[in-house]
Amino acid sequence: MNTPLRPGLRGRAIIGDFFHAPVLDRLEILFDTLIEVDEVGTISAVLGPNDPRRAEAEARFGDMLLRLPQGRYGLPGFVDTHVHAPQYPQLGLALDAPLETWLNTYTFPLEAQYADLEFAAARYQLLVEDLLAGGTTTALYFATQHVEASKLLADICLALGQRALVGKVAMDDATACPEGYRDATPEDAIAGTRDVIEYIRSHPDNQEALVLPVVTPRFTPSCSDEALAGLGALALQYDCHVQTHCSESDWAHGHALSRFGVTDAEALDGFGLLTRRTVLAHANFLSSDDMDRLAGRGAGVAHCALSNIYFANSVFPLRKALERHVRVGLGTDISGGPSASMFDACLTTVRSSRMLEEGVDPDLPAERRGRPRSAVDLVAAFHLATAGGGDVLDLPVGRLAVGYRFDLVAIDATARSGGIRLFDLTEPTAIFEKIMHGATRANVAAVWVDGHQVVPSPTGEAVR
Ligand code: GUN
Ligand code: FE
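The structure reproduced in this document is the subject of the present report. Residue indices follow the written sequence of each chain, beginning from 1 at its first position. The naming scheme follows written order: chains are lettered A onward, ligands numbered 1 onward. The predicted origin of the model limits local features to residues at a pLDDT of at least 70 and limits the giving and counting of side-chain atom pairs to 80 or more, whereas totals for whole chains, interfaces and linings rest on all residues. Where side-chain values are given, they derive from all heavy atoms of the structure, hydrogens and water being excluded.

Topic: the overall build of the chain
Link 1 in the chain: When you go through the chain residue by residue, the secondary structure sums to 15 helices and 17 strands.
Link 2 in the chain: The C-alpha atoms of the chain give a radius of gyration of 22 Å, which matches the 23 Å a tight globule of 464 residues would have.
Link 3 in the chain: A principal-axis box enclosing the C-alpha atoms of the chain has dimensions of 65 × 60 × 40 Å.
Link 4 in the chain: Out of the 464 residues in the chain, the part that is buried amounts to 59%.
Link 5 in the chain: Summarising the internal contacts of the chain: among those between residues at least 6 apart in sequence, 73% fall at separations of at least 24.
Link 6 in the chain: Of the accessible surface of the chain, which amounts to about 17,800 Å², a share of 52% is contributed by carbon and sulfur atoms.
Link 7 in the chain: Placing the 39 positive and 60 negative side-chain charges of the chain at their respective mean positions leaves the two points 4 Å apart. By the criteria applied, helices consist of DSSP H or I runs no shorter than four residues and strands consist of E runs no shorter than two, each listed in order from the N terminus. This radius of gyration counts C-alpha atoms alone. The globule rule is 2.2 Å times how many residues there are, raised to the power 0.38. A simple rule labels every residue: compare its accessible area, found with a 1.4 Å probe on the protein chains alone, to the largest value its type can have, and call it buried under 20%, exposed over 50%, or partly exposed in between. Whether two residues touch is decided by their heavy atoms; if any such pair falls within 4.5 Å, the residues are in contact. Surface accessibility follows the Shrake-Rupley procedure with a 1.4 Å probe radius. Residue values consider only the protein chains on display as shielding. Within this scheme the basic residues Lys and Arg register as positive and the acidic residues Asp and Glu register as negative, but His and the chain ends are omitted. Every charge is mapped to an atom, namely NZ of Lys, CZ of Arg, CG of Asp or CD of Glu.

Written out as structure tokens, the structure is:
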């Protein structure tokens, strides 16, 4: 598959109004700012209106300067740190059962269908198009157990220009995985994972490493000790990312405790699966010691606030994890979480953290109802959905700063068909809040990944 030529900003510059949150508690407003992009898609200068280099830069770029029109605002592209690509057809469905039932009743049968590559191609194409159109410029994907369909997902991300990390799901335990949808042996789980890693690393259209491979044991209940150990060795050998689910629900957490006699996180560490490039999805039941272990290894958490409401029996103690120096990004967990939008992920993160702080049972007295100092605000959630995700993945994305990749979403806050109504607001933080609460796909006017434009304006005209 050839990568199509896309209009882009490589070797050019853009002037406009931008928001980003380089640290947890600071929204930076870059009004009337010029962002320069080098020939390989890296931000090489960020020049405010009073920067002494600004006039020279404007003159130098001349016609090659793109100006965001009035009413458009640039945000760093979103980093979704937990997506089950094959579950997209099930988005909004099958939310009526606990995790272990949901997997067997709905999810494994759906995923098994991706053995059919035609079935897979149509669904993966729509998913990647939709995520890009919603502003997700980087996605960490679980594919399925199938080697060929996992390769196909990587092909589609490359063809559409999405930064992606793709893992063939390893699942070989016959007691936890259905006949017909599992790796036949631990060796198969390991060899299939290796095959997909090598395919992605040597892909002719992937010379810039836009797509990266990921070692992906589904979760400890679905993998034998032999598979887990072999996958840990692969992660070390290939120095690649690792993703899995960890201590997601009472059942999953208890399963690990009774099988290993230690927590899921400790067991994963023992298999060599807790590294600087590991992302643990959910992780709701991490102990304080587990959090310290993650912080020590540099491993991160994909916080999936919406999915947790349905499947995790609890609210992830986000503020506590951050205070213990655990890296955290946000994830939609399509389709455990019934929304593909990272705007939604931000809002649900804020709301669930407030419910954890305040508590939910009105029969309890206020002082015993919640967990103090748990709430995070919108800026923190936006930080985690962008820069935090980049930090978890160890990738230079999520900030509008020199040295970062130019992954940008242009929001048209004036789109009639969108959900943002600014009225006569001019105060920047109010505009930011309106964008975060109101933005829909119709407001996403343009998206760039690595300096390439991957989403045109909804009117069909490129923002040039
Ligand atoms: N645990 C194991 N597999 C899954 C999955 O597909 N989704 C979620 N949310 N948890 C899991
Ligand atoms: Fe998940």
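Here the narrative resumes.
Structural notes on the coordination of the iron ion (ligand 2)
Link 1 in the chain: Here the coordinating atoms are restricted to nitrogen, oxygen and sulfur within 2.8 Å of the metal centre, or 3.2 Å for Na, K and Ca, and because water is not among them the sites may look incomplete. Distances from the iron ion (ligand 2) to its protein donors, namely His82 (NE2), His84 (NE2), His245 (NE2) and Asp333 (OD), fall within the range 2.0 to 2.3 Å.
Link 2 in the chain: In this scheme the shape depends on donor count and angles: four donors with every angle between 85 and 135 degrees give tetrahedral, four or six donors with opposite pairs above 155 degrees and others between 65 and 115 give square planar or octahedral in turn, and any other case is irregular. Angles of 84 to 177° at the metal separate the 4 donor atoms of the iron ion (ligand 2), which places the site in the irregular class.
Link 3 in the chain: Look at where the donors of the iron ion (ligand 2) fall in the sequence and you get H-x1-H-x160-H-x87-D. Of the two residues, His84 is situated in strand 6 (residues 78-84) and His245 in strand 11 (residues 241-246); the sequence distance between them amounts to 161 residues.

Concerning the site of ligand 1
Link 1 in the chain: Around ligand 1, the neighbouring residues are His84, Gln87, Leu99, Trp102, Leu103, Arg218, Phe219, His245, Glu248, His282 and Asp333.
Link 2 in the chain: The definition of a polar contact used here is a pair of N or O atoms within 3.5 Å, where within protein one atom must be able to donate a hydrogen and the other to accept one, and adjacent residues in sequence count solely through side-chain atom pairs. The separation between an oxygen atom of ligand 1 and a polar side-chain atom of Gln87 is 2.9 Å.
Link 3 in the chain: His245 places a polar side-chain atom, nitrogen or oxygen, 3.4 Å from a nitrogen atom of ligand 1.
Link 4 in the chain: Burial of ligand 1 by the protein chains amounts to 100% of its free accessible area of 280 Å².
Link 5 in the chain: Structurally, ligand 1 is housed in the largest cavity.
Link 6 in the chain: Looking at the shell around ligand 1 element by element, the count peaks at 3 residues for helix 2 (residues 99-112).
Link 7 in the chain: The residue makeup of the shell around ligand 1, split by class, is 4 nonpolar, 4 polar and 3 charged. Nearness here has a simple test: a residue counts as near a molecule or strand if at least one of its heavy atoms is within 4 Å of that partner. Residues are called lining when one of their atoms sits within 4 Å of a cavity or pocket point, these points coming from a 1 Å grid over the protein atoms alone, where a cavity is a set in which a 1.4 Å probe fits but cannot get out and a pocket is an open set with protein on both sides within 12 Å along at least five of seven lines. Pocket occupancy is defined atom-wise: a molecule lies in a cavity or pocket when more than half of its atoms are within 2 Å of its grid points. Note that Gly is not counted as nonpolar here; it falls among the polar residues with everything else outside the nonpolar set of Ala, Val, Leu, Ile, Met, Phe, Trp, Tyr, Cys and Pro and the charged set of Asp, Glu, Lys and Arg.

Quick notes on the pairing of strand 3 (residues 43-47)
Link 1 in the chain: Following DSSP output, two strands are said to pair if at least two bridges run between them. Of the pairings in the sheet, the one linking strand 2 (residues 26-37) to strand 3 comprises 4 bridges and is antiparallel in character. Counterpart to Ile35 in the pairing with strand 3 is Val46.
Link 2 in the chain: Taken together, strand 2 and the strand that follows it, strand 3, pair antiparallel across an intervening segment of 5 residues, in which Gly41 is found at a positive phi of about 90°.

Shape descriptors only; they carry no functional weight alone.
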